Structures are given as structure tokens and as C-alpha cells.
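Analysis of the macromolecular model
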Amino acid sequence: MDRKRQLSNVSFGGAWSEQIAADEALSDALDCLDKAVKDTVYEDVRGFEGVAEALRLACASHPKGEMLHRAWWAALNITNSGLRSDELKRIASTLRAGIGERVAPWSAGL
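Structure report, in brief. Here the structure is a predicted model, which is why all the values come from computation and not from measurement.

1. What to know about the packing of helix α3 (residues 49-60) against helix α4 (residues 65-75)
Between α3 and α4, the least distance of the axes is 9 Å, while the angle of their chain directions is 155°. One element, α3, and the other, α4, form an angle in the roughly antiparallel class. Together, Val51, Ala52, Leu55 and Cys59 of α3 and Gly65, Leu68, His69, Trp72 and Trp73 of α4 make up the contact between the two elements. Counted by class, the contact of α3 with α4 contains seven nonpolar, two polar and no charged residues.

This is the structure we're talking about:
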């Protein structure tokens, strides 16, 4: 669904309609990071542009985003895939917890 285009047609939409699209994009980014946590067990996700963009977006929305961004890239260099996945999961959970209510309606599938 192209929510941004859809909401641009809303009369008197204002900032709230733009925020809906931004919050949905953020929710999608967090979902992408959750998928990368699983994928990293079998694949090297360092070259996945979608994951890098999702990480950038999520970190930009978190108060400790810069630190978590560095931690994510450091975790990708852990050679044991199970430990790497566990560390990425911890970081993804921290991002989700710090962003919190902003994406709650979208992550619930509503």
C-alpha cells in the first residue's frame, strides 16, 4: 500500500497524515531489522541495503540511535552466527523499546 500517496489526497490532512506514513515506515524498518536478526544465522546481512536503510531510519528515531547503530555494525562482525543473532536481537529489541508507542498501532497489524 502506498500510504504516502494515499494520504496526500486527504483534504486538510496536515501534519497528522504525514506522521501516519512516517510511523508506518518506522514500523516497517523495525520489522526489517527483526527479519535480519533471523536471516543473519544463515546469511551475511552486511551487504543488504534494505537492512542498512532500516537501521538508519530506526536509529534516527531513537534517543541512543548513534550508539545502537555502531553496536549493530559491530555485532555483524561476530563470527558465531548464534551469538551474532542474539546480539542483533538485543539491539533490535532496544530500538523497538526506545521508539515505543509511536509504532505500537502499526506493529500490532492494525
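2. Notes on α3
Given a rise of 1.5 Å per residue, twelve residues ought to cover 16 Å, and the 16 Å separating the end C-alpha atoms of α3 matches this to within 8%. Within the sequence span of α3, burial applies to Val51, Ala54, Leu55, Ala58 and Cys59. Across the axial projection of α3, the buried residues extend over an arc of 125°, all falling on one side. Set apart from the buried face of α3 by more than 90 degrees, the exposed residues are Glu49 and Ala60.

3. Quick look at the environment of Cys59
As for its placement among the helices and strands, Cys59 is situated in helix α3. Given a relative accessible area of 7%, Cys59 falls into the buried group. Between the alpha carbons of Cys59 and Leu30 there is a distance of 9.9 Å; along the sequence they are 29 residues apart. For Cys59, the residues in contact, after removing those within four places along its chain, are Gly65, Leu68, His69 and Leu95.

Parameters at a glance
Residues numbered from 1 in each chain as written. Predicted model: local features only at pLDDT ≥ 70, side-chain atom pairs only at ≥ 80, totals over all residues. Heavy atoms only, no water. Axes fitted to C-alpha atoms, helices over the stretch in contact; angles between N-to-C directions. Helix = DSSP H or I, 4+ residues; strand = E, 2+ residues; numbered from the N terminus. Parallel < 35°, antiparallel > 145°, perpendicular 65-115°, else oblique. Contact = heavy atoms within 4.5 Å. Nonpolar A, V, L, I, M, F, W, Y, C, P; charged D, E, K, R; others polar. Expected span 1.5 Å × (residues − 1). Buried < 20%, exposed > 50% of the residue type's maximum accessible area, 1.4 Å probe, protein only. Arc of directions from axis to C-beta.

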